[in-house]
Amino acid sequence: MTSVSIDSARAHLLGSEFRRSYGWLTGAMQRLVGSRHDAEDLAASAFTELAQVDDIAEVRQPRALLTTIGRRLTWEFWRRRDLERDYLAQLALTPDHWHASTEDVCMAVEELVRIDAALAGLSARAREAFILSQYEELGYAEIAARLGVSVSMVRKYIAQALLACCGNA
C-alpha cells in the first residue's frame, strides 16, 4: 500500500468511528462530568488521541480504547478543576490589597497543573517532601522529622521532584 492509500484508509476508519461513536462517547462523558460542553471537549480530545495511534487498523475495539482514553481525560479534568478550586480558595485568603488578574490566575493554575503532572510519578513521600520544602518553606531537617526519614532521604526526595519538574518544563 502506498502512503496516500494508507492515509486515506486511516482517515476513512477514523471518520466512520467518529460518526459511529462521538455521540455515544459524549453522552458517557456527560454522565461523568455533568456538563454537555465539557463532555464534548473531552470526547473531542479522546478522538484526537485515538487519531494519534500509530497503527489505527490494529485497534480491535475502538470504543473500548475511547472509553479508556475518556476516563483518563476525565480524571485529568477533575484533577485540574480541584487544583483550580484550591488555588482560588487560597487566593481568596490573601490580603485585600492584592488582586490577581484573570491572566495571572490562569497562568498560575496552568503551572500548578504542570507541577502536579510532573510529581504524579513520584512516591507519596517524595511529593510531600517537595511540597513541604517549596510551599511550606520547611528545612530538610524539619521535613525529615515530619516524614520520619533521614535528612539524606529528604535530599533524595527533593532531587527526584526537581528532576521530574525540570524534565517536564
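Numbers given to residues run from 1 along each chain, matching the order in which its sequence is written. At least 70 in pLDDT is required for a residue's local features to be given in this predicted model, at least 80 for side-chain atom pairs to be given and counted, and no such filter applies to totals for whole chains, interfaces and linings, which use all residues. The basis for the side-chain values is all heavy atoms of the structure; hydrogens and waters are excluded.

A. Seen up close, the overall build of the protein. Strands here are runs of E lasting at least two residues and helices are runs of H or I lasting at least four, both read from the DSSP assignment and numbered beginning at the N terminus. When helices and strands are counted, the protein shows seven helices and zero strands. Across the protein, helices and strands are ordered from the amino to the carboxyl terminus as α-α-α-α-α-α-α. For the protein, the C-alpha radius of gyration of 21 Å lies well beyond 15 Å, the compact-globule estimate for 169 residues. Each principal axis of the C-alpha distribution contributes one length, and for the protein these read about 60 × 40 × 25 Å. In the protein, which comprises 169 residues, the proportion classed as buried is 29%. Note that the radius of gyration is over C-alpha atoms, with the globule rule given as 2.2 Å times the number of residues to the power 0.38. Think of it in three bands: residues with accessible area under 20% of the maximum for their type are buried, residues over 50% are exposed, and the middle band is partly exposed, with areas taken using a 1.4 Å probe on protein chains only.

B. Region of interest: the packing of helix H5 (residues 124–134) against helix H6 (residues 140–147). Geometry is summarised by axes, namely lines fitted to C-alpha atoms with helices restricted to the contacting stretch, and by angles between N-to-C directions that run from 0 to 180 degrees. Between H5 and H6, whose axes approach to 10 Å, the crossing angle comes to 140°. Considering their axes alone, H5 and H6 lie oblique with respect to each other. Two packed elements cross with a definite hand, and for H5 against H6 that hand is right-handed. Where H5 approaches H6, its residues Arg125, Glu128, Ala129, Leu132 and Ser133 are matched on the opposing element by Tyr140, Ile143, Arg146 and Leu147. Put simply, Ala, Val, Leu, Ile, Met, Phe, Trp, Tyr, Cys and Pro go in the nonpolar bin, Asp, Glu, Lys and Arg in the charged bin, and everything else, Gly too, in the polar bin. Taken together, the residues of the contact of H5 with H6 break down into five nonpolar, one polar and three charged. Relative orientations are named as follows: roughly parallel for angles under 35 degrees, roughly antiparallel for angles over 145 degrees, roughly perpendicular for angles from 65 to 115 degrees, and oblique for any other angle. Helix crossings fall into two classes, left-handed where the near helix is turned counterclockwise from the far one by less than a right angle and right-handed where it is turned clockwise. Whether two residues touch is decided by their heavy atoms; if any such pair falls within 4.5 Å, the residues are in contact.

C. Main features of the confidence of the model for the protein. Per-residue confidence for the protein gives a mean pLDDT of 84, with 92% of residues at or over 70. What pLDDT reports is the predictor's confidence in each residue, on a scale of 0 through 100. Of all helices and strands in the protein, the one with the weakest mean pLDDT is helix H4 (residues 102–119) (81), whereas helix H2 (residues 36–51) scores best (92).

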